[in-house]
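# Survey of secondary and tertiary structure
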Amino acid sequence: MPAAVALDGIIKALLSFPDTGETLLIAATEAVARLQQTSAIAALRNLVENTAAPATARAAALRSFAQLSEPKAELESLLSVAARDPAEALRLEASKLSA
């Protein structure tokens, strides 16, 4: 799949670059999930935990992480962190995914 290969080459840098815009971060996390890019799981986790990143992008990263994460213990751990985060959008997403 050419799109998956192309994305794999840049996704980690894209998700961790401090100047990546909110819209691009959200689109990138959605593409990761759609293309099943399990190699980006660590980058998604880092984005969720990055309190300097936009809350909506962090919530999108959490959604994608939930779609890709195995074992589920990793997801439970990240949901626990997100549920205690000061960002409302992230807490709400954690609540939806926990239900």
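Look up: the structure comes first, before these words.
Quick summary incoming for the structure in this document.

What follows deals with the environment of valine 32. Here valine 32 is to be found in helix 2 (residues 22–34). Note on valine 32: relative accessible area 0%, which makes it buried. Expressed as a C-alpha distance, the spacing of valine 32 and alanine 43, which sit 11 residues apart in the sequence, is 10 Å. Among residues more than four places away in sequence, those in contact with valine 32 are Leu7, Ile11, Gln37, Ala40, Leu44 and Leu68.

Below, the discussion takes up the packing of helix 4 (residues 55–68) against helix 5 (residues 72–83). Two elements in contact, helix 4 and helix 5, have axes whose closest approach is 9 Å; the angle formed by their N-to-C orientations is 160°. As summarised for this structure, helix 4 and helix 5 are arranged roughly antiparallel, according to the angle between their axes. Here helix 4 runs over helix 5; the crossing is left-handed. Side by side, helix 4 and helix 5 meet where Leu62, Phe65 and Ala66 of the first sit next to Lys72, Glu74, Leu75, Leu78, Leu79 and Ala82 of the second. Class assignment for the residues of the contact of helix 4 with helix 5 results in seven nonpolar, no polar and two charged.

What counts as what
Residues numbered from 1 in each chain as written. Predicted model: local features only at pLDDT ≥ 70, side-chain atom pairs only at ≥ 80, totals over all residues. Heavy atoms only, no water. Helix = DSSP H or I, 4+ residues; strand = E, 2+ residues; numbered from the N terminus. Buried < 20%, exposed > 50% of the residue type's maximum accessible area, 1.4 Å probe, protein only. Contact = heavy atoms within 4.5 Å. Axes fitted to C-alpha atoms, helices over the stretch in contact; angles between N-to-C directions. Parallel < 35°, antiparallel > 145°, perpendicular 65-115°, else oblique. Left-handed = near helix turned anticlockwise from the far one by under 90°. Nonpolar A, V, L, I, M, F, W, Y, C, P; charged D, E, K, R; others polar.

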